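# Chains, contacts and geometry: an overview
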Amino acid sequence: QVQLVESGGVLVQPGGSLRLSCAASGSIASIRTMGWYRQASGKERELVAIVTSDGTGSMKGRFTISRDNAKNTVYLQMNSLKPEDTAVYYCNAYLRRTSVPVWNSYWGQGTQVTVSS
């Protein structure tokens, strides 16, 4: 089994900063990419940022993604937050399990980020 557990979602004021974390655990052989997506109420899920195993990340303006391979953990640093950043943020990992020789995508349960005064 593989689990992705996000943390760090809270209520924050506009202009504030927040760091989300997501730790992958279980029978993991290798993780190719880890990323963050978000879904606002009534909208489709969208990609925020993704990072490869060598640390190469795609950034989205005010957001910075990073990864700790030793901990199978991905972070999302969000700065200058705006009300439109309010959404449920989901962690994703494209990985291979030790007992299954194929690559699959796994998702966390999501963490709510609310930007409001």
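Residues numbered from 1 in each chain as written. Predicted model: local features only at pLDDT ≥ 70, side-chain atom pairs only at ≥ 80, totals over all residues. Heavy atoms only, no water.

### A few points about the overall build of the protein chain
In terms of helices and strands, the protein chain carries zero helices and eleven strands. Each helix and strand of the protein chain, placed in order from N terminus to C terminus, yields the pattern β-β-β-β-β-β-β-β-β-β-β. A compact globule built from 117 residues should have a C-alpha radius of gyration of about 13 Å, and the protein chain, at 14 Å, falls within 12% of that. Taking the principal axes of the C-alpha coordinates as reference, the protein chain spans close to 50 × 25 × 20 Å. The 117 residues of the protein chain split such that 38% are buried. Excluding contacts between residues fewer than 6 apart, the proportion of contacts in the protein chain whose partners are at least 24 apart in sequence is 57%. Distance between charge centres in the protein chain, computed from 12 positive and 7 negative side chains, equals 5 Å. (Helix = DSSP H or I, 4+ residues; strand = E, 2+ residues; numbered from the N terminus. Rg over C-alpha atoms; globule rule 2.2 N^0.38 Å. Buried < 20%, exposed > 50% of the residue type's maximum accessible area, 1.4 Å probe, protein only. Contact = heavy atoms within 4.5 Å. Lys, Arg positive; Asp, Glu negative; His and termini not counted. Charge placed at Lys NZ, Arg CZ, Asp CG, Glu CD.)

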